[in-house]
Amino acid sequence: MIQFLTLLDMLYGKHSVCIFKRAEQLISLLPLPFTFDIYNRVVPALKSIDEQTAISKQEYYSFIMDYTEQEKLLPTSFIEPIGDNMITISSFAEVLLSIEKLNATPVASQSILE
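All of these numbers come straight from a predicted model, not from anything done at the bench.

J.: Can you walk me through the overall build of the protein in this structure?
T.: Helix and strand counts for the protein stand at five helices and five strands. A buried classification covers 28% of the 114 residues belonging to the protein. Summed over its atoms, the accessible surface of the protein is roughly 8200 Å², and 59% of this surface lies on carbon and sulfur atoms.

Shown next, in the form of structure tokens:
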């Protein structure tokens, strides 16, 4: 249960603090370096990569809706470099896209809610 809640904190931009069994200090877990807002704007770029296997970095950033240079690090969670100036979809983005392809909405089961 703790790992699940920690993951939700990270996905929804919350800061978590935990302590491991033998640790003497609290450990801060920062939010993941993306937001669902940026993911929704990156989806067209990810779909283009999915169709072509790889595209250039410039092409990737040009597909992102309302992209600004100040956001340069945010969309990098969804890509991995391959070769010179080419990128492909990261494993994380592949999972998010596969959920979208199934037209599924992740929900918590009743046993988790209880």
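J.: For this particular structure, what's the right way to read the pairing of strand β5 (residues 86-89)?
T.: In summary, the side chains of a regular strand alternate between the two faces of the sheet. Here strand β3 (residues 55-56) pairs with β5 via two bridges, running antiparallel. Bridge assignment links S56 to a residue of β5, and that residue is M86. Pairing analysis gives three bridges linking strand β4 (residues 79-81) to β5, with the strands arranged antiparallel. Pairing of E80 across the sheet is with T88, part of β5.

J.: Before we go on, may I ask you to explain the packing of helix α2 (residues 36-52) against helix α4 (residues 91-101) in this structure?
T.: A pair of packed helices can be characterised by two numbers: the angle between their axes and the separation between those axes. Here α2 crosses α4 at 95 degrees, and the two axes come no closer than 11 Å. Taken together, the axes of α2 and α4 are roughly perpendicular relative to one another. The segment α2 lies against α4, with Y39, V43, L46, K47 and D50 engaging A93, E94, L96, L97, E100 and K101. For the contact of α2 with α4, the residue count by class is six nonpolar, no polar and five charged.

Criteria and cut-off values
Residues numbered from 1 in each chain as written. Predicted model: local features only at pLDDT ≥ 70, side-chain atom pairs only at ≥ 80, totals over all residues. Heavy atoms only, no water. Helix = DSSP H or I, 4+ residues; strand = E, 2+ residues; numbered from the N terminus. Buried < 20%, exposed > 50% of the residue type's maximum accessible area, 1.4 Å probe, protein only. Areas by Shrake-Rupley, 256 points an atom, 1.4 Å probe, with all protein chains shown as cover. Pairing = 2+ DSSP bridges. Axes fitted to C-alpha atoms, helices over the stretch in contact; angles between N-to-C directions. Parallel < 35°, antiparallel > 145°, perpendicular 65-115°, else oblique. Contact = heavy atoms within 4.5 Å. Nonpolar A, V, L, I, M, F, W, Y, C, P; charged D, E, K, R; others polar.

It is worth stressing that arrangement in space is one thing and function is another; only the former is reported here.
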